[in-house]
Structures are given as structure tokens and as C-alpha cells.
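Structural features, examined
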Amino acid sequence: MNTYDCLVLGGGPGGYLAAERAAQRGMSVAVLEERAFGGVCLNEGCIPTKTLLHSAKMYRHATQSEAFGVTVEGMVHFSLPRAMERKRRVVQTLVGGVENTLKHAGVEMVRARGTVLGRGTDGLFQVAAGDEQYVGKRLIVASGSHAAVPPITGVREGLARGFVKTNCEILEMESLPRDLVVIGGGVIGLEMACFFAAVGVKVTVIEMLDQIAGNTDAEIASVLQRTYEAQGMTFCLGASVQRVENGAVVYQKDGKETTVPCDMVLLSTGRRPNTQDIGLESINVQTQRGAIVTDLQLCTNVSGVFAVGDCNGKSMLAHTAYREAEVAVNHMCGEKDIINYDSVPAVIYTDPEVACVGMTLQEAKRRGYAAREVKVPMQYAGRYVAEVDNGKGFCKLVMDETSHRLLGVHMIGSYVSEMIYGAAMMVDTQLPPSRLQKLTFPHPTVSEVLREALFAL
Ligand code: NAI
């Protein structure tokens, strides 16, 4: 029996960073992971998708570069096997990096599924993994999430046949479909739709809400949709999928049934926290709609037990998990720290990119703020004009008239994924716009649109 200061259940972004940080603070730590270290993010999420999206972007640049004075003699080809091979190497490198980091931090990496057995009279948590038992003074649950499978007729059969794929299987496909139907126009659906459309696949997105991209600013969602429609993508919004057949998806809209023939279906209808069958009930950890209930220090209802990342269902983003991991470890070490979910940025890696932080105008008003917004086109930034023809990008700032602080920043355009951390800092620090206007932005960069927007306030 091995006793540790801290046991971590799950080796994804939340788990591996919590383990590393706890070890750096002098704790003895074991992290239990049944699959690959790096979790969904590194193995079947953020990193592999961004690698493929980059290949698709290069292909698109090569095929659409004439306006920039670049022409290609002969055909430009996209090779899925080579893009996949590169993706595998990238994933391997980064997973290796995580394992090395944990090793150097002195964390014991256990490659087995951990199940909580209970809490002894000594107050220690007992966890079974493989043939071993591990005992911990504290427990960090970082068990992640899995793709939701809605009760649509034919979906389970389609998954079993390989006709329907989730984010996981689609990243292992061996050939491109000709016609792809994406069920669910959220983040995963849109990023994958962007990849497939860029390499010539005919894509139809079926979304049950009236807008794509969930709670994203409605105008941004609309620009993104129109951009993709202009490239030939079809969106069926406010549509309810009736069934998945052999070679087609049938949806209903306004009482009318439509059949969309396809040779592959991506199911991207959200994710659910992994909280079943890991023994949480043995120590009475409270869950709500399948997610572990946590406070702003990531404490659960059981003292000594923390839950970070997707399993608490708060924001389901890898970078939220990182920050939650640090807050949890800081709290364990007696350091005052809380997470501010209102300043966590969100990015959709489509082309153009979308990046947002904080509240939209609609949300701010709903929460009772005397809010107003300004909108500035990306054309105000010289570099954007230099690089993008007829770009529709823009930046919106949402401000509270009462406190004169920024509540949100919402952008669509190039490089916004790289700019949003600066905006997140503006929202998080709550510095007044009059102070933020004094920052010097490098010229020429697209980031200058933020400066323009601050002055437009
Ligand atoms: P999501 O929650 O973003 O979107 C799911 C969409 O499916 C919603 O718009 C919903 O209305 C729709 N939907 C649900 N059931 C449906 C049905 N039966 N028919 C039609 N539409 C239906 O979930 P998604 O895209 O699966 O992503 C999962 C998680 O992964 C999210 O929490 C997301 O934040 C995270 N993620 C983040 C990324 C990023 O930060 N760039 C990239 C990929 C995923």
C-alpha cells in the first residue's frame, strides 16, 4: 500500500497540471491515468484538431493565393495520410513532454483506471488501480468528460458501424468522406466542419438551436455562418434530427422532414462529465446533473476532495482546467486563490477565428448591468487590410456604464486566438478603459483593433 499527500484521478490537463504543481509544492503525488497522459486535449481534442486545421489552412492558402500574386503550376493536393501522420507525431511529442515533466517533478505516474474505494477511519482516501491500492491524504478528481450520445434513432447503430463518429473516432479516419453531416453546430462541430470544408468535403451542419456556436455573440455567429455558406457549407438551424439511416440523416424543420444523404456523420452534441463508475459515491461526493459540484476554490462537499476540469462541468475547456488545478493546489497549500470564470477566454479555431472573453451585451443586460457595447471593424488595423481581402472581422467591447469597467470582449478575424489573452487581462484586472488606452500596441498588428475599440468607447 502506497500513501501519498495527494492522489490525482485522471492525467488530462487538469490532472497533470495539478499533479505537477502539487509535487512542486513538496507533496508526494501519484496521478492515475487509464489511457494516455494528456487526456482528451492532447490525444483526441485540442491538439490533434489544431494540427489538422493547420494542414487544411495551408492547403487553402495554396489553392486560393492568386489574389496575393502567388500562382501554382499544376494541381495542389491534400494528403490525409500525411496530415494524419504529422498529427500523430505532434501528439506523440506533446504526450512525451507531459510524461517527462511529471517524471522530473517526481510525480508517480500510474497507468491504470483508479476507482475510489472509500475513506478510512484515519481520514485517508483509498483508491484501487490495477492490482494496487493507493492511499491519499487528499484527492483531486480530474476525470474529464465523454461525448454525449443523444437518444436519436440509429445513432448507436451508426456508431457501432463506424458511419457515425464522435470527435474521437473522426480523428482516426482513414479517408475523407465526400458528404459529411455534422449533428451539433457547437465548437467541435464548427472546427471539424471548417477542416472538412477546407479540403473539399461537402458539409451540412444540423443544429437544433437557431444559431450556431452556442452562447457566442449572435452577430459573430452570423458572420461565421455566412462566411461558410459562401464557401458552400449548408446550415440547417432550428432543426431536429429524427433518425440516422444507412447513408443519410433525416431532420425535421417547421414540420417538414428532409433527408440529407452522406457517407459520414460527426456527432458533436456536447460532452458529459465522467463521474460514473469511479467510486465517488463511496465518499459521498455531491454531483448535480452528472457534474461534481465545486466552489470557486474547486472544493467539493467532502473536505480534502477537489474536482478540476470537465468533470465539474463548469466550463469544459483545457485552459480552465489548468487554472482550476492551480487554484485547487494553492488552496491545499493554504494560499488564498479563487477562479474567475468571467475572465476565462474561449476560442473557436475556425477560419476566421472567433475569440471571446466575459459577457456579451445580451448576457450583461440579463445579469442587470447598465451595459453598452462598441463595435469596431478589423479594417481599422492596417495589418488586417494588408493580409485579408474583403474581411468581415470586427471587435466588440461590452462596458458597464456604472462602474466603467470592461465586461466582455468579442472578436472575429485573424489572430484573435492569440490576442484574446490580452483582452482577458483587461476584463480580469478591471482596469478602467482610460487606463487601458495608455497601453502601447505594436504596429502594424491586428491587435491594434483593441486599441481602436478602447478609444471608440
Ligand atoms: P457544444 O456544447 O459546444 O455544442 C453542441 C451543440 O450541439 C449545441 O449547439 C447544441 O444545441 C447542439 N445539439 C445538441 N443536441 C443536438 C441534436 N440532437 N441535434 C442537433 N443539434 C444538437 O459541444 P461540442 O461542440 O460537442 O463541444 C464539447 C465541448 O468541448 C465544449 O464544452 C467545448 O467548449 C469543448 N471544446 C472546446 C474547443 C475550443 O476551445 N476551441 C474545441 C472543441 C471542443
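Notes on the structure in this doc start here. (Residues numbered from 1 in each chain as written. Predicted model: local features only at pLDDT ≥ 70, side-chain atom pairs only at ≥ 80, totals over all residues. Heavy atoms only, no water.)

Some remarks on the nonpolar core
The tendency in soluble globular proteins is for nonpolar side chains to be buried side by side. In terms of nonpolar packing, the biggest core is built from 42 residues, with Ile-170, Leu-180, Phe-195, Phe-196 and Val-203 touching the most fellow members. Looking at this core element by element, the count peaks at eight residues for helix α7 (residues 187-198). If we ignore the near neighbours within four places in the chain, the residues touching Leu-180 are Ile-170, Phe-196, Val-201, Lys-202, Val-203, Thr-204, Cys-262, Met-264, Val-265 and Leu-266. One finds Tyr-16, Val-29, Val-31 and Ala-142 within the second-largest nonpolar core, a separate group that totals 32 residues. (Core = buried A, V, L, I, M, F, W, Y, C linked by side-chain atoms within 4.5 Å. Buried < 20%, exposed > 50% of the residue type's maximum accessible area, 1.4 Å probe, protein only. Helix = DSSP H or I, 4+ residues; strand = E, 2+ residues; numbered from the N terminus. Contact = heavy atoms within 4.5 Å.)

Remarks on the pattern of salt bridges
Summed over all chains, the structure comprises 25 salt bridges. For Arg-111, the salt bridge is made with Glu-99, and the minimal N-O distance between the two is 3.3 Å. Residue Arg-111 is located in the loop between β3 (108-110) and β4 (114-119), and its partner Glu-99 is located in helix α4 (residues 80-105); the two are separated by twelve residues in the primary sequence. Under the relative-accessibility criterion, Glu-99 is labelled partly exposed at 23%. Its salt-bridge partner being Arg-243, residue Glu-257 comes within 3.3 Å of it at the nearest N-O pair. Taken together, the residues Glu-257 in strand β14 (residues 256-261) and Arg-243 in strand β12 (residues 240-245) connect sequence positions 14 residues apart. The exposure class assigned to Glu-257 is partly exposed, which follows from its relative accessible area of 42%. Taking relative accessible area as the criterion, Arg-243 reaches 28% and is therefore assigned partly exposed. Each of the salt bridges in this network shares a partner with another, and the network as a whole consists of Glu-20, Arg-21, Arg-323, Glu-326 and Asp-337. (Salt bridge = Lys/Arg side-chain N within 4 Å of Asp/Glu carboxyl O.)

Focus: the packing of helix α1 (residues 13-24) against α4
Direction vectors running N to C along α1 and α4 enclose 25°, while the axes themselves pass 9 Å from each other. As the angle between them shows, α1 and α4 are arranged roughly parallel. Viewed along their axes, α1 and α4 form a crossing whose handedness is left-handed. Residues Tyr-16, Ala-19, Glu-20 and Ala-23 of α1 pack against Val-98, Thr-101, Leu-102 and Ala-105 of α4. Of the residues that constitute the contact of α1 with α4, the class distribution is six nonpolar, one polar and one charged. (Axes fitted to C-alpha atoms, helices over the stretch in contact; angles between N-to-C directions. Parallel < 35°, antiparallel > 145°, perpendicular 65-115°, else oblique. Left-handed = near helix turned anticlockwise from the far one by under 90°. Nonpolar A, V, L, I, M, F, W, Y, C, P; charged D, E, K, R; others polar.)

Brief notes about the sheet that holds strand β22 (residues 371-377)
Spatially, β20-β21-β24-β23-β22 is the arrangement adopted by the five strands of the open sheet, whose pairing is antiparallel. A single partner strand is all that each edge strand has here, and the edge strands are β20 (346-348) and β22. Between one strand and the next, the sheet's axes are offset by a mean angle of 15°, whatever the strand orientation. Note that strand β21 (residues 353-358) and strand β24 (residues 405-413) share six bridges and pair antiparallel. Note that in β24 the partner of Val-354 across the bridge is Ile-412. Of the strands in this sheet, β21, β22, β23 (394-400) and β24 touch helix α8 (residues 218-230), which is tilted by about 5° from β24. (Pairing = 2+ DSSP bridges.)

As for the packing of helix α3 (residues 46-63) against α4
Each packed pair of helices is defined by two parameters, the angle between the axes and the distance between the axes. Relative to each other, α3 and α4 sit at 140°, their axes nearing to 9 Å. By crossing handedness, the relation of α3 to α4 is classed as right-handed. In this structure, α3 contributes Ile-47, Pro-48, Thr-51, Leu-52 and Ser-55 to the contact, and α4 contributes Ala-83, Met-84, Arg-86, Lys-87, Val-90, Val-91 and Leu-94. When the residues that make up the contact of α3 with α4 are grouped by side-chain class, the tally is eight nonpolar, two polar and two charged.

Comments concerning the sheet that holds β14
Pairing is antiparallel across the open sheet formed by three strands, whose spatial order is β12-β13-β14. Among the strands making up the open sheet, the edge pair consists of β12 and β14. Here the strands of the sheet are splayed against their neighbours by 25° on average, with no regard to which way each runs. Sheet topology note: the strand β13 (residues 248-253)/β14 ladder contains six bridges and is antiparallel. Residue pairing for β14: Val-250 is matched across the bridge by Thr-259.

Side note on the site of the ligand
The environment of the ligand is made up of 21 residues, and the closest members are Ile-188, Glu-191, Glu-207, Gly-270 and Val-347. Contact between the ligand and Gly-270: an oxygen atom at 2.9 Å from a main-chain N or O atom of the residue. The protein chains hide 79% of the 840 Å² of surface that the ligand would expose on its own. Sorting the residues of the shell around the ligand by element identifies α7 and β10 (202-207) as the ones contributing at least two each. Top element by residues in the shell around the ligand is α7. It accounts for four residues. Residue composition of the shell around the ligand, by class: twelve nonpolar, six polar and three charged. (Near = heavy atom within 4 Å. Polar contact = N/O pair within 3.5 Å; in protein donor to acceptor, adjacent residues only side chain to side chain. Areas by Shrake-Rupley, 256 points an atom, 1.4 Å probe, with all protein chains shown as cover.)

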